[in-house]
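Per-entry structural report
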Amino acid sequence: QHGLDSARVRLGAPHSQSAGGGSMAAAEVSPGGPKVSFLTDVEGNWEFLERFVEMSDALDMTAPPDASGAADIALRDGWHLVIGGDLCDKGGLVGGTVRVVRSCVALKKKYPDRVTIVLGNRDINKMRFTSELTLAQLENGRLERVPGPYWVAEPNRITPLMFLRGLSIEKYGSSLTDSMSVAQIGSCFNTIANRLRWILKETMGADGEMERRRRELALLGGDRRASIIIQEASSRGADGGSGEGDSDYGVPTAEVVASFTDCVKEGGFMRELLELGQLATIIGSTLFVHGGVVSICGVALGSVPGIDRSIYDVHEWVAELNRWYYTQLQDWINRPYWEDDDTTDLFGSRGGHDLMDYVVPGPRPSVVLGKHLTKSGMPKPLDEALTKQLNDAGIFRLCVGHTPHGTCPTVIKCPGFIPQPGNSRDGDWSTDPDRSHPHPYPPAGSPEPQCASGGLAGEGAVGAAGMPPAPAEGSAAVSVPPPAVSVLPPATARSGLGVPPAPVAPVASVVGRRPTVLETTPVLEIIMADTSYSDMKADDNRGKSVSEVQLFPDGRARICGRIADGRAIDYTLGPVRARIRHGEVAPPPLEAEMDLIGLREPMGARRS
């Protein structure tokens, strides 16, 4: 990935005195790097993606979808696009998974260094098709033994046999169904199409996706009457039907099923998405993951499956987490089917199962399923220790999706730490407000960070936070590598998905002694950007709502778009700010600033 500028801590001149003594200064964190546009949780809704591109300052639609479903989208100069996951399922007016995923895959291939795809649970769980959607799973005698989804509580768990009984009741009634044997139910309903319907409805939260896919394939067929298809779909609602009796729009069921099974084969659009994606990325001072760094079952920050320690350095953690993802993906590519179709031991009996398990509810914390909400659904700030861990890595914003929660993105202010150059007990540090340091040192007594492993430039021993020790007075500058960026597969390795080596980062120079770090109470903003349930009265649960999160090199963040009633929103968050004290005094309260600039600018007026 391109080189990323380190976070910079800028200290203004003292402008007030605190009650406890010592002068106060405003501190702001500026990330540097490119302008970033954040798009997340499209969930197969082509109309939503069209609205997003139309209003975005970063993107332009230069050609509509071709026969394969891929539209030509241009990324404007100076912008980096981060796609936050969950590109597929559910859909909009007709269904749009094929068009959405193929268009985003084409965009990534067109701008490999300026588009980053962070994957969500809806993307990764499609790996299961290769082992679960096979004729071997339908063989006689196996129907009773195929379990329901193990991650669903048993009272709510639906097995394939239970699902087929439901179809039988719909067609024949409960009395006749009760008299039928398992073999009779199987002979009538145990088809690959119904197994797919069960997988989508009971294990992936995508009920009706088969019929939405049928209509999308009809639209892409060219010789079919698209206007009639759209009109019929609109009159029936975005969910459509899911039964055998639906019109086939000229697309037979076998072709629909093949669209799902082929999409995860070599060259398939979901396979390409998985090959080009990753679990986390850091750009400037912002961390991007699909869900969050904490979840109901624990802390995902620092946790990597298969590593029995928590990794303190966030850059090393991101690199290791992505490395684990690529290893699991390659295992799935090598072993896509069950080793034994009768297996009851899921782990190890098919390639990549650990990754499949990582994206379903369970006891293991996951960045894909993380949530920054309370049990009642209210925003929940990150605790101070985890905020400090992020700050120590130069991270002051966290952008996530996954959890729908309102009609526009939600911003959560969190506590944290800020380094305070000047008046250092450990030695002089320049008080120049533009002096920067790529990786703040932790205060005495804090947990010792782990050193970044591999890919580091420069020489010498590594001290706290993976940095070389401070030089003695009068010594020469110390070459300091900025934090390692997240790992992306190099272009030459994408086809084979070999685990890429850690990148060698460019070298920066820092002169001086370690700064004193005083506790304060900001410094983190969480931007939750999944608005897929913006309008529950609309057929697609979105209505007209669309929002874009933009991040700028000077530390500002802008949120713009439309809410459910069609009104435009456009407001700016200033650089992450804190109040710090010169001298050893009690930490002051948070003074965070947010500049609201409006519900006043028409969306169309922003485009040049």
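Look up a bit, the structure's there.
Each residue is numbered by its place in its chain's sequence as written, counting from 1. At least 70 in pLDDT is required for a residue's local features to be given in this predicted model, at least 80 for side-chain atom pairs to be given and counted, and no such filter applies to totals for whole chains, interfaces and linings, which use all residues. Here the side-chain values reflect all heavy atoms present in the structure, with hydrogen atoms and water set aside.

**Observations regarding the nonpolar core**
F129, L287 and W317 are the most contacted members of the largest nonpolar core, which has 107 residues in total. The helix count covers DSSP runs of H or I at least four residues long, the strand count covers runs of E at least two residues long, and both are numbered beginning at the N terminus. It is helix 13 (residues 314-334) that contributes the most residues to this core, 9 residues altogether. Note on contacts: a residue pair qualifies if any of its non-hydrogen atoms lie within 4.5 Å across the two residues. If near-sequence neighbours (up to four positions away) are discounted, W317 is found in contact with L287, V293, A300, L301, G302, S303, V304, I311 and V367. V36, V82, V549 and Y571 belong to the second largest nonpolar core, which has 17 residues in total. Throughout this description, the term nonpolar core refers to a set of buried Ala, Val, Leu, Ile, Met, Phe, Trp, Tyr and Cys residues connected via side-chain atoms within 4.5 Å. Working definition: with a 1.4 Å probe on protein chains only, accessible area under 20% of the residue-type maximum means buried, over 50% means exposed, and in between means partly exposed.

**Details of the environment of W46**
Tracing the chain through its elements places W46 in helix 1 (residues 46-55). Each residue touching W46, except ones within four places of it in the same chain, is listed here: M61, P65, A71, G96, R99, V100 and S103.

**Considerations on the pairing of strand 21 (residues 568-573)**
Strand residues, when the strand is regular, have side chains that alternate between the two faces of the sheet. Where burial is concerned, most of strand 21 is hidden: 6 out of the 6 residues are buried. Burial along strand 21 is two-sided: the residues A568, D570 and T572 and I569, Y571 and L573 are all buried. Any two strands between which DSSP finds at least two bridges are classified as paired. Both strand 20 (residues 557-562) and strand 21 contribute to a ladder of 6 bridges, which runs antiparallel. Across the sheet, residue G561 finds its bridge partner in strand 21, namely I569. Between strand 20 and the antiparallel strand that follows it, strand 21, lie 5 residues; G566 among them carries a positive phi value of about 95°.

**Here's the deal with the packing of helix 2 (residues 97-110) against helix 9 (residues 209-220)**
Lines fitted to C-alpha atoms define the axes, with helix axes restricted to the stretch in contact, and inter-axis angles between N-to-C directions lie between 0 and 180 degrees. One way to put it is that helix 2 packs onto helix 9 with a least axis distance of 8 Å and a crossing angle of 70°. The angle between helix 2 and helix 9 places the two elements in the roughly perpendicular class. Contact residues: helix 2 offers T97, V98 and R99, while helix 9 offers E209, R213, E216, L219 and L220. All amino acids are sorted into three groups, where Ala, Val, Leu, Ile, Met, Phe, Trp, Tyr, Cys and Pro are nonpolar, Asp, Glu, Lys and Arg are charged, and the leftover types, Gly among them, are polar. Here the contact of helix 2 with helix 9 is composed, by residue class, of 3 nonpolar, 1 polar and 4 charged. Each angle gets one of four labels, with under 35 degrees taken as roughly parallel, over 145 as roughly antiparallel, 65 to 115 as roughly perpendicular, and the rest as oblique.

**Comments concerning the environment of S187**
By the secondary structure assignment, S187 is in helix 7 (residues 182-189). Along the chain, S187 and N140 lie 47 residues apart, while their C-alpha atoms are 8.9 Å from each other. Distance and chemistry together define a polar contact, namely a pair of N or O atoms within 3.5 Å, with one atom able to donate a hydrogen and the other to accept it when in protein, and with adjacent residues in sequence counting only for side-chain atoms on both sides. For S187, the side chain forms a polar contact with the main-chain oxygen of Q184, separated by 2.8 Å.

**Some words on the packing of helix 9 against helix 11 (residues 253-262)**
It is the contact of helix 9 with helix 11, at a shortest axis distance of 10 Å, that shows an interaxial angle of 100°. One finds that helix 9 runs roughly perpendicular with respect to helix 11. Packed against helix 9, whose contacting residues are E209, M210, R213, R214 and L217, the element helix 11 presents T253, E255, V256, V257, S259 and F260 at the interface. The residue makeup of the contact of helix 9 with helix 11, split by class, is 5 nonpolar, 2 polar and 4 charged.

**Some details on helix 11**
Within the sequence span of helix 11, burial applies to V256, V257, S259 and F260. Axial view of helix 11: buried residues confined to an arc of 150°, hence all on one face. Along its buried surface, helix 11 packs onto helix 4 (129-132), helix 8 (192-203), helix 9 and helix 12 (269-276). This arc corresponds to the set of directions leading from the helix axis out to the C-beta atoms.

**Re the packing of aromatic side chains**
Each pair of aromatic rings taken from Phe, Tyr and Trp, with Trp reduced to its six-membered ring, is defined by centres within 6.5 Å and is described as stacked if the planes are under 30 degrees apart, edge-to-face if over 60, and tilted in the remaining cases. Tallied over the full model, the rule gives 7 aromatic pairs. Cation over ring: R213 sits above F260, and NZ or CZ is 4.0 Å from the ring centre. Criterion for a charge above a ring: Arg CZ or Lys NZ at most 6 Å from the ring centre, at most 35 degrees from the ring normal. Geometry around F552 places R556 over its ring, the cationic atom sitting 4.6 Å from the centre.

**Re the pattern of salt bridges**
What makes a salt bridge here is a side-chain nitrogen of Lys or Arg within 4 Å of a carboxyl oxygen of Asp or Glu, nothing more. Under the definition given, this model contains 29 salt bridges. With a shortest N-O distance of 2.8 Å, R128 and E132 are connected by a salt bridge. Taken as a pair, R128 and E132 share a single burial class, namely buried. When the shortest N-O distance is used, the salt bridge between R558 and D570 registers 2.7 Å. Of the two residues, R558 sits in strand 20 while D570 sits in strand 21, which places them 12 residues apart along the sequence. Summarising the burial analysis for this pair, R558 and D570 share the class buried. Among the charged side chains, a network of salt bridges with common partners joins E43, D89, K90, R122 and K126.

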